[in-house]
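Observations on the three-dimensional arrangement
One letter stands for each residue in the lines below.
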Amino acid sequence: MSDATNSPDDVSKLPAATPLTRAALEIDEYAATLGWDLPARLFALVDSAALRKADPRIAEQLGLGDSEEPGLTPVEQDELPAGMELDKFLGTIAWPDAVAGCALVVERLMLPPGSEQSRPRNASDAQLAEWVANHPKREEVRITAAVLRNGKKEIALRLRSKDVAREVLTGPDLVPGLTEALLATFS
């Protein structure tokens, strides 16, 4: 039986996972070590083999080794500007050609299906945010959205109430609006 608290090294060795899934899970696990209630974090995803070839010294510092297995290396970017709306910030990003993809970690509140039926009508954005924040069935989640230039996408979603690696949900279409916004940074 495997340990429920996989290290990022364990996640990267999952045989059934694609490189994009492994990268999303590695970033999720890294974010989990930092705790909750943190600002959004942005990562460039770099092809590991290309990085080993282009700069072996940096690849060695990152612990990439000599593996020929395809992989992606997450590189955390500078902190997002304070006070800037996420969608506006994403609209300002341009990636160099060496970046194969990107990932974003954000924390949000989610409501269960059917909750929208009790949504207040004609409410302002601030009133809706307050309604969600005070909803008795709200769930705090950490979303790690990862995309590649070629359109592939992956989400790792961690519920605060089930904050262990084995409970992380994955799938390409869990938060489609967020992955589409990240894909737009490559346009």
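Each residue is numbered by its place in its chain's sequence as written, counting from 1. Since the coordinates come from a predicted model, pLDDT governs what is reported: local features require at least 70, and pairs of side-chain atoms require 80 or more to be given and counted, while whole-chain, interface and lining totals use all residues. Side-chain numbers here rest on the full set of heavy atoms in the structure, without hydrogens or water.

Starting at the N terminus, helices and strands are each numbered in turn, a helix being any DSSP run of H or I of at least four residues and a strand any DSSP run of E of at least two. Scanning the protein chain for helices and strands turns up seven helices and six strands. Walking the protein chain from its N terminus toward its C terminus, one meets helices and strands in the order α-α-β-α-α-β-α-β-α-β-β-β-α. Counting over 187 residues, the protein chain shows a buried share of 38%. Taking as baseline every contact in the protein chain between residues at least 6 positions apart, the subset at least 24 positions apart corresponds to 65%. When a residue's accessible area, from a 1.4 Å probe over protein chains only, is under 20% of the maximum for its type it is buried; when over 50% it is exposed; and in between it is partly exposed. We call two residues contacting when some pair of their heavy atoms lies within 4.5 Å.

In this analysis, a patch consists of residues with relative accessible area above 30% that form no salt bridge, clustered at 9 Å for like charges and at 5 Å for the nonpolar side chains Val, Leu, Ile, Met, Phe, Trp and Tyr. Accessible surface area values rest on a Shrake-Rupley calculation with a 1.4 Å probe, where residue burial reflects the displayed protein chains alone. Whenever a carboxyl oxygen of Asp or Glu lies within 4 Å of a side-chain nitrogen of Lys or Arg, that contact is scored as a salt bridge. Together, Y30, L34 and L38 line one region of the surface with nonpolar side chains, adding up to about 220 Å² of accessible area. Along the chain, the position of L38 falls in the loop between α2 (19-34) and β1 (41-47). Taking relative accessible area as the criterion, L38 reaches 33% and is therefore assigned partly exposed.

Positive phi is not limited to glycine here, since D37 has a value of about 65 degrees. Phi is positive for N122, close to 55 degrees, though the residue is something other than glycine. Within the element layout of this structure, N122 appears in the loop between β3 (99-110) and α6 (125-134).

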